[in-house]
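# Remarks on the overall topology
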Amino acid sequence: MMKAEWMVIEMSLHWGEKRYHAWNYHLRQTFGEKVFKVALDGGFTCPNRDGKVAVGGCTFCSARGSGDFAGNRRDDLLKQFHDVKKRMHQKWPKAKYLGYFQAFSNTYAPVAQLREMYELILEQEGVVGLSIATRPDCLPDDVVEYLAELNKRTYLWVELGLQTIHEHTSQLINRGHDFACFLEGVEKLQKRGIRTCAHIIHGLPGESEEEMLQTVQACSEMDIQGIKIHLLHLMKNTPMVKQYEQGLVKFLDKETYVRLVVDSLELLPPEMIIHRITGDGPPNLLIGPMWSTKKWEVLNAIDDELKRRDSWQGKRASTLSQKTGTV
């Protein structure tokens, strides 16, 4: 067995019960206790909706800007924070919090407005940091400088939507930016040492499994610290419904998705933090795939497939990150 492969196996022994570098494990190692996200809707919009880039938004994006489980947009941020925190405490009575600006593009506003919102949440008792979801074309220099300031005094993640590296898919889903734009956004953040998480989607219309894994491979070679692997969900009242009716959208079955996720984990470097490997939409809005509503069954199936293969995150990674000094 090659030395690098032994190093991957040794690293994998430090992920607790998982064969991948799970988000929950990372947070417990960082803070020494349970930390959960308090998902917020800051009232933002998106340049892909308001006409700056396009209108209508990405074809898969819900009316709530992918913030369907965030706080109520009609409430102020403090009420949202306390309402969501209370709901999450039913599952985890003792925990600390990350303020999660989730819905729409959460850097798409003047710095003064962002500062007011972010600082308000950071002031709340038990908040240990922020996670900010946005688009790579919503990172003007003054916003990035403020994020760099935040990064020096709190625990910060910026989550960037990529979804796919393939231009034909990006156009089909009305993404409104290309892969080069995403790489420019990552470069801006990495120059300032800001933790960056890429979002990708398996099951986008017209993409082959090979193309999906090409997106994963591209992420494995980027200077990013985390990734979210999403399953495509078709939601009611989204533009993608028309594409579905035209036969352009085919749902992945559970077995295929599980296999793709494990293939993806094998390609990703072991130090990359896996923020998400599945997800579920609100049942009352979900058109499909319906099997995704049984989230724990999907997560268990991924664990079982990793064990069946005797595999782990990074097993097929071409190289380990230079930052770890293991190459």
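For the structure given in this document, a descriptive report is provided here.

As a further point, take the sheet that holds strand E2 (residues 96-101). The seven strands lie next to each other as E1-E2-E3-E4-E5-E6-E8, forming an open sheet whose pairing is parallel. Each having just a single partner strand, strand E1 (35-40) and strand E8 (273-276) make up the two edges of the open sheet. When the angles between neighbouring strand axes are averaged without regard to direction, this sheet yields 25°. Alignment of E2 against strand E3 (residues 127-134), held across five bridges, turns out to be parallel. Across the sheet, Phe101 pairs through a bridge with Ile132, a residue of E3.

All right, on to the state of the cysteines then. Tallying each qualifying case throughout the model produces zero disulfides. Free cysteine Cys61: the closest other cysteine sulfur is in Cys58, separated by 6.2 Å.

Turning next to the nonpolar core. Counting residues in each nonpolar core, the largest one holds 70 residues, and the members touching the most others are Phe101, Tyr118, Leu130, Leu147 and Ile302. In terms of residues, this core owes the most to one element, helix H10 (residues 254-267), which gives seven residues. The residues contacting Leu130, other than those within four sequence positions of it, are Leu98, Gly99, Phe101, Tyr118, Ile121, Leu122, Leu150, Tyr155, Leu156 and Trp157. Ranked by size, the runner-up nonpolar core spans 11 residues in total, among them Cys61, Leu232, Met240 and Val241.

Think of it this way: side chains of opposite charge can pair up when their charged atoms draw near. Under the criterion given, the structure shown has 21 salt bridges. Glu297 is the partner of Lys254 in a salt bridge, and the nearest nitrogen-oxygen pair spans 3.8 Å. With Lys254 in helix H10 and Glu297 in helix H11 (residues 295-309), this pair connects stretches of sequence that are 43 residues apart. The partly exposed category is assigned to Lys254, whose relative accessible area is 23%. Judged by relative accessible area, which is 41%, Glu297 ranks as partly exposed. Among the salt bridges present, the one from Glu266 reaches Arg309, with a minimum N-O distance of 3.3 Å. Placement of Glu266 in helix H10 and of Arg309 in helix H11 is noted, with a sequence separation of 43 residues between them. Through salt bridges with shared partners, one network takes in Asp263, Glu266, Glu305, Arg308, Arg309 and Arg316.

This next bit is on unusual backbone geometry. Backbone torsion omega between Gly288 and Pro289 reads -5°, so that peptide bond is classified as cis. Its place among the elements puts Pro289 in the loop between strand E9 (286-288) and H11. For Phe104, which is not glycine, the phi torsion reads 65° and is therefore positive. Tracing the backbone shows Phe104 in the loop between E2 and helix H4 (111-122). Here Phe104 falls in the buried class, since its relative accessible area comes to 13%. Phi angles above zero are rare outside glycine, and Asn174 is one such case at about 60°.

Turning next to H10. Compared with an ideal rise of 1.5 Å per residue, which puts 14 residues at 20 Å, H10 spans 20 Å between its outermost C-alpha atoms and is within 8% of the ideal. Counting buried residues in H10 gives 11 out of 14 residues, a clear majority hidden from the surface. Taken together, the buried positions of H10 are Thr256, Tyr257, Val258, Leu260, Val261, Val262, Asp263, Ser264, Leu265, Glu266 and Leu267. The opening residue of H10 is Asp253, an N-cap whose side-chain oxygen sits 3.2 Å from the backbone nitrogen of Glu255.

On to the environment of Gln214, then. Examined against the element boundaries, Gln214 turns out to sit in helix H8 (residues 209-220). Separated by 50 residues in the primary sequence, Gln214 and Thr164 place their C-alpha atoms 8.8 Å from one another. With near-sequence residues (within four places) excluded, Gln214 lies in contact with Ile165 and His166.

Rules of the game
- All chains use their own residue numbering, which begins from 1 and follows the written sequence.
- pLDDT decides what is reported in this predicted model: residues at 70 or higher carry local features, side-chain atom pairs at 80 or more are listed and counted, and totals for whole chains, interfaces and linings draw on all residues regardless.
- Water and hydrogen atoms play no part in the side-chain values, which are based on all heavy atoms of the structure.
- Here, a strand pair is defined by DSSP locating no fewer than two bridges between the strands.
- Only DSSP runs of H or I reaching four residues or more are called helices, and only runs of E reaching two or more are called strands; each is numbered from the N terminus.
- Axis definition: a line fitted to C-alpha atoms, limited for helices to the stretch in contact. Angles are taken between N-to-C directions and run from 0 to 180 degrees.
- Throughout, disulfides are identified as pairs of cysteine sulfur atoms within 2.5 Å of each other.
- Think of a nonpolar core as a cluster: buried Ala, Val, Leu, Ile, Met, Phe, Trp, Tyr and Cys residues, connected wherever their side-chain atoms sit within 4.5 Å.
- Only protein chains enter the accessibility calculation, which uses a 1.4 Å probe; a residue is then buried when its area is under 20% of its type maximum, exposed when over 50%, and partly exposed in between.
- Working rule for contacts: check all heavy atoms of both residues, and any pair within 4.5 Å makes them a contact.
- Salt bridge, as applied in this entry: a Lys or Arg side-chain nitrogen positioned within 4 Å of an Asp or Glu carboxyl oxygen.
- Expected helix span is taken as 1.5 Å per residue step, with the number of steps being one fewer than the number of residues.
- A 3.5 Å cut-off defines polar contacts: any pair of N or O atoms within that distance qualifies, except that in protein one atom must be a possible hydrogen donor and the other a possible acceptor, and neighbouring residues in sequence count only when both atoms are side-chain atoms.

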